[in-house]
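Architecture at a glance
Letter by letter, the chains look like this.
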Amino acid sequence: MSNLTFQHQFNLDALREYLAQHPPLIALAPSDSSAQTRHFLHHTLNLPEQSFFTIKANTPLPSAINQLKIHPQAAQAPLLAAISANGKTHLLSGKQSLITPSDSLAILADHHRAIPPLHSLTGVARSLPTSRAIDIVAAQHQFTCYQTPTGWQYFLPLLSTNLIQLCGEENFSLSGYPLEEKNSLWALLCWFSLLAQKRQNADQILQNHWQRYGKHHHKRFDFINLPKSHAQTMLTTFERNSHANIGNRLNGLTLTAAQQFNYTDPTNQQQSQDQGLQLIFGRQARIICRLTSRPTHADTTDLRLYCEYWQQHLDTPPALTAPTATLATLAQGMMNLEHHQPNSVS
């Protein structure tokens, strides 16, 4: 995206005025994309060199945020940001609290009138595993909210037809109309616009959001390199046991639905079947289970569990202790995976 387009979309004069007094802290890995991002932020928005922190290539975004949090300038920065080397993914944080991609999407939608390219927001979308934080905001503002399968390609028809103007995934990706690709710089400018308008830091905005809408606890549990036939058997067992327990209380939560997610693209009616097993505990919680292929290992697959729990009132402790871990343990037991530990949790 060109500087001219940014000038058209954002009030850069207002951003320069705000950022001069409240410079953020931004972690970038060495790359051509990072160089372009840094050049724009430094030369167009006048961010000082002290705002930029260089990280090693392929540093995980959460690790980069942790490095920023102990930086001497972190205490004064209104926002901490880590951007991947290709510029397509990013992670944001306050000094105290991480801003999950799901919360970032919901917060931008909630404050869309503070963000010039989102003034006329009417539609939003999230992928199936992304938390339902955006759903609550969409209902409040009467936006259309689409749930799509995992994969950025499912957002493209919605963006190109202007059915949505904002979309995001749990894997650190966010963008909006008229863009069609993931764009971390665009997302960062949206957050700068919000900070400048609200005159609050990221921690304050996040806490206010949780106070109004509740907090969605969300974790992904990855089981790597499982034999494909074994993983498919576990998923089949999980689906069978889930159907048998609809209406029952499991760990204090009532299972209200369990089914494979099937998607019909509203722009062309193209159907995508069996995109992930979804267990729904009303508005309180969800478990999503998906198998993902490994192109270089035809006989193995990865199993991903996404666990989400909505803590509606911050002053009331969650009904589950360690809610996402408890949900993951429940799912593992229902698919005979209880003796396996996840290779990673994010």
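Residues numbered from 1 in each chain as written. Predicted model: local features only at pLDDT ≥ 70, side-chain atom pairs only at ≥ 80, totals over all residues. Heavy atoms only, no water.

**Considerations on unusual backbone geometry**
Heads up, the rule is: Each helix is a run of H or I in the DSSP string that is no shorter than four residues. Each strand is a run of E no shorter than two, and both are numbered from the N terminus.
Tyr177 connects to Pro178 through a cis peptide bond whose omega is 5 degrees. Structurally, Pro178 can be placed in the loop between strand 9 (173-176) and helix 8 (184-198). Positive phi is not limited to glycine here, since Arg199 has a value of about 55 degrees. Mapping Arg199 onto the fold places it in the loop between helix 8 and helix 9 (202-213). Positive phi outside glycine occurs at Asn251, with the angle close to 55 degrees.

**What about the nonpolar core?**
Put simply, the rule reads: By nonpolar core is meant a set of buried Ala, Val, Leu, Ile, Met, Phe, Trp, Tyr and Cys residues that side-chain atoms within 4.5 Å join together. Burial classes follow relative accessibility: with a 1.4 Å probe on protein chains only, a residue under 20% of its type's maximum area counts as buried, one over 50% as exposed, and anything between as partly exposed. Contact definition: two residues touch when any of their heavy atoms are within 4.5 Å.
Membership of the largest hydrophobic core comes to 52 residues, with the highest contact counts inside it found for Ile26, Leu41, Leu166 and Phe192. For this core, the secondary-structure elements that each account for two or more residues are helix 2 (12-21), strand 1 (25-28), helix 3 (32-43), strand 3 (80-83), helix 5 (101-110), helix 6 (133-141), helix 8 and helix 9. Per-element tally for this core: the top contributor is helix 8, with 11 residues. Aside from chain neighbours lying at most four places away, what touches Phe192 is Leu15, Leu19, Pro24, Ile26, Leu41, Leu45 and Leu79. Counting 29 residues, the second largest nonpolar core, distinct from the first, contains Phe223, Met234, Leu250 and Met335.

**Remarks on empty space enclosed by the protein**
So the rule is basically this: Using a grid of 1 Å spacing that covers the protein atoms alone, one calls a set of points a cavity when a 1.4 Å probe fits there but cannot get out, and a pocket when the set is open and has protein on both sides within 12 Å along at least five of seven lines; lining residues are those with an atom within 4 Å of a point. Grid points are joined across faces, edges and corners, and a volume is the space filled by probe spheres set on the points. Following the grouping adopted for this structure description, the nonpolar residues are Ala, Val, Leu, Ile, Met, Phe, Trp, Tyr, Cys and Pro, the charged ones are Asp, Glu, Lys and Arg, and the polar ones are all others, Gly among them.
Under the counting rule described, the total for this entry stands at 1 cavity of 30 Å³ or more. Estimates place the volume of the largest cavity at around 50 Å³. What lines the largest cavity is His90, Leu91, Leu92, Ile99, Thr100, Pro101, Ser104, Phe172, Ser173 and Leu174. Counting residues per element, the ones that place at least two in the lining of the largest cavity are strand 4 (90-93), helix 5 and strand 9. Take the lining of the largest cavity: its biggest share by element is 3 residues, from strand 4. Looking at side-chain class alone, the lining of the largest cavity contains 6 nonpolar, 4 polar and no charged residues.

**Comments concerning the sheet that holds strand 13 (residues 257-260)**
Inclusion rule: A strand pair is defined by DSSP finding two or more bridges across the two strands.
Reading across the sheet, the 6 strands line up as 13-16-17-18-10-19 and stay open at both edges, with antiparallel pairing between neighbours. A single partner strand is all that each edge strand has here, and the edge strands are strand 13 and strand 19 (344-345). The pairing of strand 10 (residues 215-227) with strand 19 spans 2 bridges and is classified as antiparallel. Within strand 19, the residue paired with Asp222 across the bridge is Ser344.

**Quick look at the sheet that holds strand 6 (residues 123-127)**
The cut-off we apply is this: The axes used here are C-alpha line fits, helices contributing only the stretch in contact, and every angle between their N-to-C directions lies in the interval 0 to 180 degrees.
Strand order in this open sheet of 4 strands is 7-6-8-9, and the pairing throughout is mixed. A strand with exactly one partner marks an edge of an open sheet, and here the two such strands are strand 7 (144-148) and strand 9. Going across the sheet, the axis of each strand differs from the next one's by a mean of 15 degrees, ignoring polarity. Bridging between strand 6 and strand 8 (residues 166-169) involves 3 bridges; their strand directions are parallel. In the sheet register, Val124 faces strand 8, and the bridge partner there is Leu166. Helix-sheet contacts for helix 5 involve strand 6, strand 8 and strand 9, and the interaxial angle to strand 8 is about 170 degrees.

**Structural notes on the layout of surface pockets**
A probe as big as a water molecule, rolled over the atoms, marks out the empty space that is left. Here the largest pocket is characterised by a volume of approximately 600 Å³. Along the walls of the largest pocket sit 24 residues, with Leu98, Thr100, His218, Lys219 and Ser346 positioned nearest its centre. At the level of elements, helix 4 (61-69), helix 5 and strand 10 are the ones that each hand at least two residues to the lining of the largest pocket. With 6 residues, the single largest contributor to the lining of the largest pocket is strand 10. For the lining of the largest pocket, the class distribution of residues is 8 nonpolar, 10 polar and 6 charged.

**Side note on the environment of Leu79**
When you line up the elements, Leu79 lands in the loop between helix 4 and strand 3. Taking the C-alpha atoms as reference points, Leu79 and Phe192, separated by 113 residues in sequence, lie 8.6 Å from one another. The residues contacting Leu79, other than those within four sequence positions of it, are Pro24, Leu25, Leu92, Ser93, Ile99, Leu188, Trp191, Phe192, Leu195 and Ala202.

Keep in mind these values describe shape, not function.
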